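Structure assessment
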2 protein chains.
Amino acid sequence: MRERLSGEERRRQIVETAVDLFSRKGFRGTTTREIAEAAGISEAMIFKHFATKRELYSAIIEVKSETEQLLASAAKAARGTHDAEVLRAVGLKMLEQTERDPSLMRLLLFSALEGHELSEIFFESRVRRLHEFLSSYIRKGVEEGRFRPVDSLIVARGFIGMVVHYLLIHEVFGVKRPPRASPEEVVELFVSIFLKGIQR
Amino acid sequence: MRERLSGEERRRQIVETAVDLFSRKGFRGTTTREIAEAAGISEAMIFKHFATKRELYSAIIEVKSETEQLLASAAKAARGTHDAEVLRAVGLKMLEQTERDPSLMRLLLFSALEGHELSEIFFESRVRRLHEFLSSYIRKGVEEGRFRPVDSLIVARGFIGMVVHYLLIHEVFGVKRPPRASPEEVVELFVSIFLKGIQR
DNA sequence: AAGGAGAAAGTAAGTCCTCACATACTTAAC
DNA sequence: GTTAAGTATGTGAGGACTTACTTTCTCCTT
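Let me sum up the structure you'll find in this document. Just so it is clear, the structure is predicted and the values come from calculations on it, not from any experiment.

**Concerning the overall build of chain A**
From N to C terminus, chain A includes ten helices and zero strands. Order of helices (α) and strands (β) in chain A, N terminus to C terminus: α-α-α-α-α-α-α-α-α-α. The dimensions of chain A, computed from C-alpha atoms along their principal axes, are 65 × 35 × 30 Å. Taken across its 200 residues, chain A has 55% of its residues classed as buried. Taking the contacts inside chain A whose residues are at least 6 apart along the sequence as the reference set, 70% of them involve residues at least 24 apart. When the accessible surface of chain A is summed, it comes to about 9700 Å², and 50% of that surface belongs to carbon and sulfur atoms. One way to put it: in chain A the 32 positive side-chain charges average out to a point 2 Å from where the 29 negative ones average out.

**Overview of the relation of the copies chain A and chain B**
Each copy of the sequence occupies a distinct position, and chain A is placed on chain B by a rotation of 180 degrees and an axial shift of 0.0 Å, giving an RMSD of 0.1 Å. Here the copies are linked by what is in effect a two-fold axis. Distance from the rotation axis, computed per C-alpha, reaches its smallest value in chain A at Gly197(A): 2.2 Å. Residue by residue, 100% of the interface of chain A is reproduced at the interface of chain B, so both copies engage with the same surface.

**A word on the protein's contact with DNA strand D**
In the neighbourhood of DNA strand D, 20 residues make up the surrounding shell, with Thr32(A), Lys53(A), Arg4(B), Gly7(B) and Arg10(B) lying closest. A share of 60% is what sugar and phosphate atoms reach among the atoms of DNA strand D within 4 Å of the protein. Within the backbone of Gly7(B), a nitrogen or oxygen atom sits 2.6 Å from a phosphate oxygen of DNA strand D. In the environment of DNA strand D, a base oxygen lies 3.0 Å from a nitrogen or oxygen atom belonging to the side chain of Lys48(B). Among the elements of the structure, α3 (43-49) of chain A together with α1 (7-25) and α3 (43-49) of chain B are those that each provide at least two residues to the surface near DNA strand D. Along the lines of polarity and charge, the residues of the surface near DNA strand D split into six nonpolar, seven polar and seven charged.

**Brief notes about the packing of aromatic side chains**
Summed over all chains, the structure comprises twelve aromatic pairs over all chains. With centroids separated by 6.4 Å and ring planes inclined at 80 degrees, the aromatic side chains of Tyr166(A) and Phe190(A) adopt a geometry described as edge-to-face. Pair noted here: Tyr166(A) is in helix α9 (residues 152-172) and Phe190(A) is in helix α10 (residues 183-198), with a separation of 24 residues, a long-range link. Of the two residues, Tyr166(A) and Phe190(A), both sit in the buried class. Put simply, the rings of Phe22(A), Phe27(A) and Tyr57(A) touch in pairs and so form one group of aromatic residues. A cation over a ring is seen here: Lys53(A) above Phe27(A), with NZ or CZ 4.4 Å from the ring centre. For Arg146(B), the ring lying beneath its charged end belongs to Phe147(B), and the centroid distance is 5.2 Å.

**Describing the protein's contact with DNA strand C**
By nearness alone, 19 residues border DNA strand C, and Arg4(A), Gly7(A), Arg10(A), Thr32(B) and Lys53(B) come closest of all. If you look at DNA strand C and keep only atoms within 4 Å of the protein, 61% of those are sugar or phosphate atoms. With respect to DNA strand C, the side chain of Arg10(A) contributes an N or O atom lying 2.7 Å from a phosphate oxygen. Between Lys48(A) and DNA strand C, the recorded distance is 3.0 Å, taken from a side-chain N or O atom to a base oxygen. Put simply, the parts of the chain that give the surface near DNA strand C at least two residues each are α1 (7-25) and α3 of chain A together with α3 of chain B. The greatest single-element share of the surface near DNA strand C, amounting to three residues, is contributed by α3(A). Classifying every residue of the surface near DNA strand C by side-chain character gives five nonpolar, seven polar and seven charged.

**Considerations on the pattern of salt bridges**
Scanning the model with the defined rule gives 26 salt bridges over all chains in all. The shortest N-O distance in the salt bridge between Glu171(A) and Arg177(A) comes to 3.3 Å. A residue is classified by how much of its surface remains accessible, and Glu171(A), at 18% relative accessible area, is buried. On the basis of relative accessible area, Arg177(A) is assigned to the partly exposed category, the value being 33%. Glu37(B) is paired through a salt bridge with Arg33(B); the nearest N and O atoms lie 3.6 Å apart. Taken together, the residues Glu37(B) and Arg33(B), both in helix α2 (residues 32-39) and four residues apart, mark about one turn of the helix. Judged by its relative accessible area of 53%, Arg33(B) falls in the exposed class. Salt bridges here are not isolated pairs; linked through shared partners, they connect Asp83(A), Glu144(A) and Arg146(A).

**Observations regarding the interface of chain A and chain B**
Between chain A and chain B, the contact holds 44 residues from the first and 44 residues from the second. For the pair chain A and chain B, the summed buried surface comes to about 4000 Å²; carbon and sulfur atoms form 74% of the total. Considering only the surface of chain A that becomes buried against chain B, Leu113(A), Ile154(A) and Phe173(A) emerge as the three largest contributors, covering 18% of it. Linking chain A to chain B there are two salt bridges. When the shortest N-O distance is used, the salt bridge between Arg180(B) and Asp151(A) registers 2.7 Å. Joining chain A to chain B, the criterion identifies ten residue pairs in polar contact (both at pLDDT 80 or more). Where the side of chain A that touches chain B is concerned, the elements lending two or more residues are α7 (103-113), α8 (119-143), α9 and α10 of chain A. In terms of residue count, α9(A) provides more of the side of chain A that touches chain B than any other element does, 13 residues in total.

Here is what the cut-offs are and how they apply
- Residues numbered from 1 in each chain as written.
- Chains lettered and ligands numbered in written order.
- Predicted model: local features only at pLDDT ≥ 70, side-chain atom pairs only at ≥ 80, totals over all residues.
- Heavy atoms only, no water.
- Helix = DSSP H or I, 4+ residues; strand = E, 2+ residues; numbered from the N terminus.
- Buried < 20%, exposed > 50% of the residue type's maximum accessible area, 1.4 Å probe, protein only.
- Contact = heavy atoms within 4.5 Å.
- Areas by Shrake-Rupley, 256 points an atom, 1.4 Å probe, with all protein chains shown as cover.
- Lys, Arg positive; Asp, Glu negative; His and termini not counted.
- Charge placed at Lys NZ, Arg CZ, Asp CG, Glu CD.
- Least-squares fit on C-alpha atoms with pLDDT ≥ 70 in both.
- Near = heavy atom within 4 Å.
- Polar contact = N/O pair within 3.5 Å; in protein donor to acceptor, adjacent residues only side chain to side chain.
- Nonpolar A, V, L, I, M, F, W, Y, C, P; charged D, E, K, R; others polar.
- Phe/Tyr/Trp six-rings, centres within 6.5 Å; stacked < 30°, edge-to-face > 60°.
- Lys NZ or Arg CZ within 6 Å of the ring centre and 35° of its normal.
- Salt bridge = Lys/Arg side-chain N within 4 Å of Asp/Glu carboxyl O.
- Buried area = accessible area lost by both parts, 1.4 Å probe.

That's the geometry; what it means functionally is another story.
Set out below in C-alpha cells:
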C-alpha cells in the first residue's frame, strides 16, 4: 500500500490521472482498470468516488471547463494599444498552453467526436467564449474604421484556425516541428498576415 | 435473407458500411455486430472478408488514402492566371467535399487521436501532399516577388487552417452554420485576407 | 493518557455482460 | 456437385461495476 489520502485528495488525484489517460486514448479506449493502476489504487476506489466511468468523465469535463486563464489574459491585452498585441497575446497563449499540456485540446476533440453529452458545455466554455471575445474585438475595429467590413465571427475563427490548425498538425498528427520556427515567430507570422489581410 | 452478392461486391459494401460507422463513432466505439447489422449480414460474413476488425479498419484507410480529386483540381487551377483562383479552388473543394461527406475528416481525426498504426500513411496521402503542393506554389510566388518572404509551409498551413478550422467547428463540434455565409463567400473571405496578408 | 467505537479509506475477488472472433453447418449458383 | 455465399451458435477474454471484507484514522469517554 502506498499512502492513504483524504477523500477529496484522492478524488482529485483520480481526476488528474484520468485526464491524462482519457486525453491520450479517449473514453472508450481507456479502461477503469488502467486508471486505477496508474493512480496506484484498486478499481473499487474509483467507484467509491464516481458511480460510473461516464460520471468520472463528466467530472473531468466540468473541471476542465472552469479555468479562465486564456480569456483573462486576452482581455488584459485588449486594453493595450495595438491590434497586433491583442492577437499576439491570444495566439501565443494558445500555443504555449497547448504545447505545455495538449490534454485540453485532445479532450475537446475526443469528446466532440465520441459524442459525449457534455461536449457542448465543454465547447461553450472553452472555445465559443474565445471566439466571441475576438469577434467583438474585431467588430469594434471595423466600426472604428481600422478594419475593412468583414464578418467578424468568421474572420475571428479564421485567425484562431491558423493557430489551432498549427497545433493540430503538431500535437495530434504528430508532425515534427521544424526547429527554425519558434512559437513567437509562428504567431507573429499569422498575426501579420491576418492584420494586413483585414486592414483597409 | 436479403440478396446474395459476389465476394467483391459484399466486400465493398462492408467497407462502405464500416466507413460510415467508424467515422461517426470511432474504431473502439464501433462493434463488429453493429457493422454486420447495418450491412444486413451476419458477423461471420465480416470475418470471411477481413481476418480482424483492425484489418477492416486498415482496408478503409487504404481505400480512403487513394483518391486524388482534391490535389488534381488544385493542380489544374494552379495553371490558371491568378493566385486567388488557386486558393479559391483549394478552399472550395475542401469545403464542398467535406460538407457533402464529413467521413474523411472524421476518420482522419479519429485515427490520429486513437493512434492507429496506419494513421500516418493516411495523413501523408491526404494531408501532407496538399500542404506541400500549396507550399511550393507559395514559395514560387515568393521567388517571383509577388509575395513577401515568408516560410511557405507554415503559411500554407495557415491558409488551410482557416478552412479546416471552419469545417471542424461546423462538422465536428456541430455549431450551426449561419445562413448568411455561403461556402463561396467564406472561402472568398479567407482568400482575400490571406492574399492581402502575404502580398508585398 | 489509554483505549476503543465508529467512520472513512482501502482491497480482493467476484458477477455478469459484451465483444471479437471461431466452428460447424446450410443454402444457392453455375 | 462442387464451390462460394451465407448463417446459427458457440467461446474465451476483458470490461464495468459489486460485495464483503480489512486496515487505518479520529475523537470521545473514562
